[in-house]
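Now for the letters of each chain:
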Amino acid sequence: MTTITDWIVAAGTLIMALVAIVAIFQDKIRAWLTRPKLDISIRVAPPDCHKTPLVRRDSEGSQSVECYYFRFRVSNIGNQKAEQVEAFAAELLKQQADGTFKRVDSFLPMNLVWSHYGEVFIPAISPGMYRHCDLAHVLYPEKRKQLEAEDNSWPNVPPDKTILSFDTIVRPYTLTSLVPPGTYRLVVLTAAANAKPVKRTLEIRLTGDWYDDESAMLSEGVGIRML
């Protein structure tokens, strides 16, 4: 017959076992409870997306062209600092006539760059904070020839239509970072030295029309949403 003493002894033994387990695995438990967690979001409005001059400088001087810049936010929604954070454009797909999306084989997967920082890695993102990462930009069509690696041509795409320029760390000489009007899906991975990769898909619709007015361009010229 089980007595109260037996229950007390059993409870004490269980507690001691739990204490021993916690002592052995305390570092792993602490790491699981306190860790960074990354997420991606975007608003097609300032400050994520806005109109700004794009200035390129070289030995002969500088060139300035009207431009719309599109940036997404990489947030740390965890409770520990995320270290050495990067964002990687893994795959680009384009919508076909039948509504399906097909991979753009010419697109070269590579890292995107951090806004105002210009590097592949950003040292840290603290809990509850975010950093902007450059996604792409659209130049005023009549002036984009002034800037190297910012202009390309496609059949049935008039030169007065806008094109999208992805902000990859390298601008290929093949100009594969430039795409004509259409609806695209870009698969983006974000990761940190101490955080698991997060995969998100951005759907981007470029009509080809340019609007001098910022609100009109961000509603009629380009549409971006997170799937």
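Summary of the structure given here. (Residues numbered from 1 in each chain as written. Predicted model: local features only at pLDDT ≥ 70, side-chain atom pairs only at ≥ 80, totals over all residues. Heavy atoms only, no water.)

1. Remarks on the overall build of the chain
And step 1. Assigned secondary structure in the chain consists of two helices and 13 strands.
And step 2. The buried share of the chain, taken over its 227 residues, is 38%. (Helix = DSSP H or I, 4+ residues; strand = E, 2+ residues; numbered from the N terminus. Buried < 20%, exposed > 50% of the residue type's maximum accessible area, 1.4 Å probe, protein only.)

2. Digging into the pattern of salt bridges
And step 1. Following the criterion strictly, the structure yields 11 salt bridges and no others.
And step 2. With its nearest N and O atoms 2.9 Å apart, the salt bridge here joins R71 to D134. Of this pair, R71 sits in strand β3 (residues 61-76) while D134 sits in strand β8 (residues 130-139), and the two are 63 residues apart along the sequence.
And step 3. Overlapping salt bridges bring together R144, K145 and D151 as one network. (Salt bridge = Lys/Arg side-chain N within 4 Å of Asp/Glu carboxyl O.)

3. Observations regarding the packing of aromatic side chains
And step 1. Tallied over the full model, the rule gives three aromatic pairs.
And step 2. Measuring from centroid to centroid gives 5.6 Å for F107 and F166, while their planes differ by 70°, and the two rings are edge-to-face. Linking F107 in the loop between β5 (101-103) and β6 (110-111) with F166 in strand β9 (residues 164-166), this pair joins segments that are 59 residues apart in sequence. Like F107, the residue F166 is buried in the burial classification. (Phe/Tyr/Trp six-rings, centres within 6.5 Å; stacked < 30°, edge-to-face > 60°.)

4. Quick look at the nonpolar core
And step 1. If you look at the biggest cluster of nonpolar residues, it comprises 39 residues, and the most contacted ones within it are F72, V85, L135 and F166.
And step 2. Aside from chain neighbours lying at most four places away, what touches V85 is L38, V74, W114, V120, F121, I122, I125, A191 and A192.
And step 3. Within the second largest apolar cluster, six residues are counted, among which are L54, V65, L139 and L147. (Core = buried A, V, L, I, M, F, W, Y, C linked by side-chain atoms within 4.5 Å. Contact = heavy atoms within 4.5 Å.)

5. A word on the side chain of T168
And step 1. Residue placement: T168 occurs in the loop between β9 and β10 (178-179).
And step 2. In this structure T168 comes out as buried when scored by relative accessible area, which is 6%.
And step 3. A polar atom in the side chain of T168 sits 2.8 Å from the backbone oxygen of V170.
And step 4. Residues within four places of T168 in sequence aside, it is in contact with M110, N111, L112 and S177. (Polar contact = N/O pair within 3.5 Å; in protein donor to acceptor, adjacent residues only side chain to side chain.)

6. With respect to the environment of F70
And step 1. Within the secondary structure, F70 is located in strand β3.
And step 2. Through-space distance from the C-alpha of F70 to that of V44 is 7.7 Å; in sequence the pair is 26 residues apart.

That's the geometry; what it means functionally is another story.
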